[in-house]
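Examining the three-dimensional arrangement
Chain by chain, the residues run as shown.
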Amino acid sequence: MEEVLRKTTATTTGTAPTSFPTVTPDLPTFYFTDVASDTGKRTLWVVTVFMALSSLAFYGMAMRVPVQKRLFHVMTAFITTIAFISYFAMASGDGINFHVYKEKTTKHHTAVEVYSRQVYWARYVDWSLTTPLLLADLAFLAGLNGASMLVAIFADVIMVLTGLFAAFGNSDGQKWGYYTMGCAAYLVIVYQLAINGRTAISNKDTKTKTFFTMIAGYTLLLWTAYPIVWGIGDGARLMNVDAEVVCYAILDVLAKPIFGFWLLTTHDKMSRNTASIEGFWAYGLTQEGAIRVGDGA
Ligand code: RET
């Protein structure tokens, strides 16, 4: 920007007669902007509705099981609720910014060209909340220990944040630098799930083991598609915003509502094997201070 302004000033002052007032005529500016068309917008609305309906279904499913067996239902319903809000924001034109990634003056300094692309930052807000919940779903299913879970969730937050920074990166070095950090963080998650998760699941029953292997495999496959879409879309800008919106829409539906239905229906079917959470989760902190029958106030 500064460079463009400097160039503009240099050209005009160089050619303008000195006796004229020092008004610097602006060069004509041409904007090249990649924005979602109706296809993208319609896709966002369809996913918004899908996330809303899935959330209602998950809350309904939660109410049908005893509170002790409700953890997975509640977490999964939170995931689609957050996605619903984020999709509503994007579909209605919120949570989106223009990232200006190039400004240059044309060869003969006759015009300025400004290149920008829409960045849907609401996605990253969504991912920063929902991907830890998705990981927690899988970690609880595997019986992963707290230390491994903490590392996986920490790496996950780093992955999403560096992805956001990369999306607004000002130079290629910055953009791909952040992206590389995000990919490294992703490998930490893969390690926690694939290696430590498998170790944790090894002493569970065969049904749970098979189910974990399938759903964790499905998750890792889907999650790996995200950095690929990012690399081709926001990264290399070889894919336009519309195509990017459609790709993420498909992935998000598979990674949240479809994942959720699969997890919860299987969980309910295996309900004899699934953990029952008593204590605070089911009964509150302590009985102290509670009014007891016969206490006489
Ligand atoms: C980014 C860019 C930086 C490098 C990596 C990424 C991975 C993102 C992933 C997102 C998963 C999102 C899900 C959403 C739920 O619906 C941030 C794109 C590795 C794995 C599962």
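Residues numbered from 1 in each chain as written. Predicted model: local features only at pLDDT ≥ 70, side-chain atom pairs only at ≥ 80, totals over all residues. Heavy atoms only, no water.

For the chain, an unreviewed UniProt entry supplies the name Opsin-1 and the organism Apiospora rasikravindrae. As its UniProt record puts it under Subcellular location (unreviewed entry), the chain is described as follows: "Membrane". In UniProt, the chain has this text filed under Sequence similarities (unreviewed entry): "Belongs to the archaeal/bacterial/fungal opsin family." (UniProt positions renumbered as here; feature names shortened; annotations may be inferred.)

**Regarding the overall build of the chain**
In terms of helices and strands, the chain carries nine helices and three strands. Reading the secondary structure of the chain in the N-to-C direction produces α-β-α-α-β-β-α-α-α-α-α-α. In the chain, which comprises 297 residues, the share counted as buried stands at 42%. Counted over contacts in the chain with a minimum sequence separation of 6, partners at least 24 positions apart contribute 78%. (Helix = DSSP H or I, 4+ residues; strand = E, 2+ residues; numbered from the N terminus. Buried < 20%, exposed > 50% of the residue type's maximum accessible area, 1.4 Å probe, protein only. Contact = heavy atoms within 4.5 Å.)

**Some remarks on the packing of helix α5 (residues 146-167) against helix α6 (residues 172-201)**
Where α5 contacts α6, the axes come no closer than 8 Å and their chain directions differ by 155 degrees. The angle between the axes of α5 and α6 places the two elements in the roughly antiparallel class. Between α5 and α6 lies a crossing of left-handed hand. For the pair α5 and α6, contact is made by Ser148, Val151, Ala152, Ala155, Asp156, Ile158, Met159, Thr162, Phe165 and Ala166 and by Lys175, Tyr178, Tyr179, Met181, Gly182, Ala185, Tyr186, Val188, Ile189, Gln192 and Asn196, respectively. Classifying every residue of the contact of α5 with α6 gives 14 nonpolar, five polar and two charged. (Axes fitted to C-alpha atoms, helices over the stretch in contact; angles between N-to-C directions. Parallel < 35°, antiparallel > 145°, perpendicular 65-115°, else oblique. Left-handed = near helix turned anticlockwise from the far one by under 90°. Nonpolar A, V, L, I, M, F, W, Y, C, P; charged D, E, K, R; others polar.)

**A word on the side chain of Thr76**
Mapped onto the elements, Thr76 comes out in helix α3 (residues 71-91). Not counting residues within four places of it along the chain, the set of residues in contact with Thr76 comprises Phe58, Asp137, Gly260, Leu263 and Leu264.

**Digging into the sheet that holds strand β3 (residues 112-120)**
Taken in spatial order, the three strands make up an open sheet running β1-β3-β2, and their pairing is mixed. One side of each edge strand has no neighbouring strand; the edge strands of this open sheet are β1 (29-34) and β2 (96-105). Sheet twist, expressed as the mean angle between neighbouring strand axes with direction ignored, is 25 degrees. Relative to β3, β2 is paired through nine bridges, and the arrangement is antiparallel. Its bridge partner lying in β3, Thr105 is registered against Val112. (Pairing = 2+ DSSP bridges.)

**Observations regarding unusual backbone geometry**
Phi at His109 takes a positive value of approximately 60 degrees, unusual for a residue other than glycine. Summarising the element assignment, His109 is placed in the loop between β2 and β3. By relative accessible area, which is 28% here, His109 ends up partly exposed. We note that Arg237 has phi near 55 degrees; this positive angle belongs to a residue other than glycine. Among the secondary structure elements, Arg237 is positioned in the loop between α7 (206-235) and α8 (241-269). Residue Arg237 is classed as partly exposed on the basis of its relative accessible area, which comes to 26%.

**Quick word on the site of the ligand**
In the vicinity of the ligand there are 15 residues, among which Trp127, Trp223, Tyr226, Asp252 and Lys256 approach most closely. One of the side-chain nitrogen or oxygen atoms of Tyr226 is found 3.4 Å away from an oxygen atom of the ligand. One nitrogen or oxygen atom from the side chain of Lys256 is found 2.9 Å from an oxygen atom belonging to the ligand. Relative to its free-state accessible area of 540 Å², the ligand is covered by the protein chains to the extent of 100%. Looking at the shell around the ligand, the elements with two or more residues in it are α4 (122-142), α5, α6, α7 and α8. A class-by-class count of the residues in the shell around the ligand yields ten nonpolar, three polar and two charged. (Near = heavy atom within 4 Å. Polar contact = N/O pair within 3.5 Å; in protein donor to acceptor, adjacent residues only side chain to side chain. Areas by Shrake-Rupley, 256 points an atom, 1.4 Å probe, with all protein chains shown as cover.)

**So, the confidence of the model for the chain**
On average, residues of the chain score 89 in pLDDT, and 88% of them reach the 70 mark or higher. Overall, residues 1-24 carries pLDDT values under 50, and its contacts beyond four positions in sequence, including any with other chains, amount to 13 contacts. (pLDDT = per-residue confidence, 0-100.)

**Describing the packing of aromatic side chains**
Taken as a whole, this structure holds 15 aromatic pairs when the rule is applied. The interplanar angle of 85 degrees and the centroid separation of 5.2 Å between the aromatic rings of Trp176 and Tyr179 together place this pair among those described as edge-to-face. Placement of both Trp176 and Tyr179 in helix α6 is noted, with a separation of three residues, approximately one turn of the helix. A residue is classified by how much of its surface remains accessible, and Trp176, at 29% relative accessible area, is partly exposed. Between Tyr218 and Trp262 the ring centres are 5.3 Å apart and the planes differ by 85 degrees, which places this aromatic pair in the edge-to-face class. Of this pair, Tyr218 sits in helix α7 while Trp262 sits in helix α8, and the two are 44 residues apart along the sequence. The class of Trp262 is partly exposed, set by a relative accessible area of 25%. (Phe/Tyr/Trp six-rings, centres within 6.5 Å; stacked < 30°, edge-to-face > 60°.)

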